Every structure is written in structure tokens, then in C-alpha cells.
Amino acid sequence: MSLSLSAEKPAVPDDADDGVWLECIECGETFPPFEDVRYTCDECGGLLEVRYADLPTFEDFDGQGVWRYAAALPLEAGVTTQEGATPLYEVPRLEESVGVEALRIKHEGMNPTGSFKDRGMTVGVAVAKELGVDRLACASTGNTSAALAAYGSRGGMETLVLLPAGKVAAGKIAQASLHGARILEVDGNFDACLDIVQELAAGGEAYLLNSLNPFRLEGQKTIGLEILEGFLADYDAVPDRIVLPVGNAGNTSALYKAFRELVQAGELEESEVPKLTGVQAEGAAPMVEAIENGADEVRRWDEVETRATAIRIGNPVNAPKALPGIRETGGTAIAVSDEEITDAQRDLAREGIGVEPASAASVAGLRKLRAEGVVDDDERVACLTTGHLLKDPDAAAAAGHDPEPVPAETEGVLEHLQS
Ligand SMILES: N[C@@H](CCOP(=O)(O)O)C(=O)O
């Protein structure tokens, strides 16, 4: 299997441009990175990965944010609004109630547009400029569209986003709108939107910037690199496990790639690689189904539903990269209910960390896996929270409580407080 953790460093093909090339994860066909637009293999349709002749070590990283890791990226600089360098919060009460040795929250909601998608877009939009395309497009449950709109604007490019009608949180639509994207509301779910965007991209109508685009995942690798550096600084060891929400499975694929590259560079032992543990909502859990059944492929779910709209996805396009990531690292996948997600959102809020529902799935999943004895009490764990609370103000208000009306005078306020 080409995505094995023990895979040798790949041989450099003639197609390489400055030591960078694209390679199919299924048939191994290689392609030059910046000559033509392609998202999948011309030969077999398999997913592509960006490969490098030189793999960096931690010593090669310098600066802050995504571009600190330029030595592990296909370009030296991107279209940037200073994404990355997000907090790795301590959560002592949550750590104790879940019952693990250490728990840290990597809060990707603290990126410029409020989600991890910015890390992918700073690279993806820069590659789009390199390729000379002028119109960018994505399907989105919301966060990708907000990030694409912002980074596309910053890069001076036209952006087109396709959203499932009635299923995108208010904050995300407002972002895409204000940053100037053309917003098409589709009478269908996210997977239907992505089918359309793929067809538009294949017809040359736009450059696709969903996570099917291998360059976007390069930017998202930096989440894993930051988590490892944070744990090495604080515990002198990498985390035992990283728990993350799974929608289109881009982050699972990206973090696994980051760790594989560190193993190939001799920076990380295979046995040290954190167990990648994916969490989905019960109403949209095709990856969990595949992991539980030991399947090599993920079955597309045509009907999906969850309050965690960011992971309301039935056909995770990165599954061929993400399934090996979970299995090779000794991780697992679990589904959680919407109620468990809301409880976890409240738990995080009580630690002062505001996240949207999909983000809280990681903590809900960890709690459940710990209760089932799958996660041990001596584990050091990082949970990824993918988007900010303000992305979905309606969900936040529903999980919180109503304001109390009081009269406009101190006496009345005091009376109310004492009642
Ligand atoms: N949750 C995502 C869904 C699209 O995923 P992508 O990573 O393939 O762009 C979103 O925010 O739209």
C-alpha cells in the first residue's frame, strides 16, 4: 500500500519541478505540479498527493503560522492573512472529567476566518495563481466557502461557492457574502454540490478548491506539525492520540501525510505517530461504518442529517487517504449523537473555548471512547476543534440559555437577582 506508514521515501521522477511533483495514490503515476490543472489521476482517477524530493526536519521550520512550515509546502509563500499558530489550550476540568493523563484543545476556530480551512486556502489560492486560473470554486457546508471567499478576494480572484440550501450556518453565509463570493444555493446536500463543482472544474469553468485538491491538504498538514511541536515543547513527547471531527476527511488525510513525511525524514518513529481518531455525527457517519466493517471503501450515504452542519457529509472524498491514516496509526472512528455534541460544546464553553457544533464532536467522541475503555487513562490527547462558536450563532444560542429581562433601574435588577 503506497500510503503505508513504513513506505520508503519516493524516488524523484522526471516530472518533478524543483523537487515537487504530484503522484497518484492508487497507480503511482506522476505529474508535474504546476503545468496543468488536475485534481485526480489522468490514468486511473485516483486521488493525488504532493510529493517532495527533500523532506524537512523540525530544524528546518522557522517563523510563525502556516508559512513557518514552508520547507514542507509546495511554494515558499502564499496568499496570506496570517493563518495558523492557533492556540493549544489546556482544559484542566475537562481533562479530569474525561479522565486522561493530558488533554489539549487545538482550536482552529482562531484562524482569520474562524476555521482551519484558511490553512488550506493560503496554499491552494497561491497555487491557483501559479497555475494562472482566474475563477475559484468550491462546494461547502459553510467554512470552506468563507475561507475561499476571503482568500480569493485577497488574491484578487473571482470566487463561486455552491451551498446546500437551508443547511449552512448564518455566520458562514455572511462571511462568503461580505468577502464577495458569488453564492449559489443548491436544492440538494453538500455531496450534490461537490458533484456539480467537480463537473464545473472538469469543464474548465473554475479551479476547484475543495480538499479533493491535493495542494489544499498541504496547508492543512501544518495543523499536525503545530500540535506535535506544541506537545514536544510542553511534554517532551508527541501526543498519543489526536481526535478530530470528520466530514470530507481532509484533515485526517492531511495529518497522516504530515506524520508519514516526518517518519520518512527520520524525525518520528513509526511507533510514536499519534493514533488518528475520527468522529462523525450519527446521522452522517459513512467513515465510521467503513472502519467498523473493516471495509476498503466508504459507502455513500444519500440521506444525512445532523445539527453539526459542518460535518453533514455522506460521501467523504478523501476516504482513500483517510482510511489508511486511521488504520495505520492504530486509531479508530466513532459516531456521536447531536445531544452528545451539544453537551461537549457546553463543556468547552465552560473552559472559555467557543466552538461550533461540529468542532465539539471531537470532545464528545473522546469522552465516549474513554467511557468504552478504547482510550486509556494514561494517554496524552489532542482534540481538534475546527470552527469558532460565532460561525453558528443559532446553535450557540440554542445550546446556551435565554437572557433574563429586567427593569431599567438598579433596585429592580437587585430584586431580580435575589428572586
Ligand atoms: N465542512 C466543509 C465541507 C467541505 O470540505 P472540504 O474540506 O473538502 O472543502 C466546509 O466547510 O465546506
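Residues numbered from 1 in each chain as written. Predicted model: local features only at pLDDT ≥ 70, side-chain atom pairs only at ≥ 80, totals over all residues. Heavy atoms only, no water.

Engineer: Could you give an account of the sheet that holds strand β13 (residues 380–385), with specific residues and numbers?
Structural biologist: An order of β4-β5-β13-β10-β11-β12 is seen for the six strands of this open sheet, with the pairing classed as mixed. Where the open sheet ends on each side, the last strands, each with one partner, are β4 (88–90) and β12 (333–336). For this sheet, the mean inter-axis angle between neighbouring strands, taken without regard to orientation, is 25 degrees. Here helix α10 (residues 338–350) sits on the sheet and contacts β5 (102–107), β11 (275–281), β12 and β13; the angle it forms with β12, its principal contact strand, is near 95 degrees. (Pairing = 2+ DSSP bridges. Helix = DSSP H or I, 4+ residues; strand = E, 2+ residues; numbered from the N terminus. Axes fitted to C-alpha atoms, helices over the stretch in contact; angles between N-to-C directions. Contact = heavy atoms within 4.5 Å.)

Engineer: Just give me the short version of the domain arrangement of the protein, but keep the residues and values in it.
Structural biologist: Frequently, the measure chosen for interface size is the accessible area that the parts lose on association. When its domains are assigned, the protein resolves into domain 1 (88–112 + 217–399) and domain 2 (117–212). On a C-alpha basis, the centroid separation for the pair domain 1 and domain 2 is 24 Å. In total, about 2100 Å² of surface goes out of reach between domain 1 and domain 2, with carbon and sulfur atoms giving 45% of it. By the criterion of area lost to domain 2, the three top residues of domain 1 are Thr309, Arg312 and Lys391, representing 26% of everything that side buries. One salt bridge in this structure joins Lys172 and Glu356, with 2.7 Å as the shortest N-O distance. Counting every contact that joins domain 1 to domain 2 gives 15 residue pairs in polar contact (both at pLDDT 80 or more). Breaking the side of domain 1 that touches domain 2 down by element, the ones donating at least two residues are α6 (214–235) and α12 (393–399). If one sorts the elements of the side of domain 1 that touches domain 2 by residue count, α6 sits on top with six residues. Class assignment for the residues of the side of domain 1 that touches domain 2 results in ten nonpolar, ten polar and eleven charged. (Domains from an automatic or database assignment. Buried area = accessible area lost by both parts, 1.4 Å probe. Salt bridge = Lys/Arg side-chain N within 4 Å of Asp/Glu carboxyl O. Polar contact = N/O pair within 3.5 Å; in protein donor to acceptor, adjacent residues only side chain to side chain. Nonpolar A, V, L, I, M, F, W, Y, C, P; charged D, E, K, R; others polar.)

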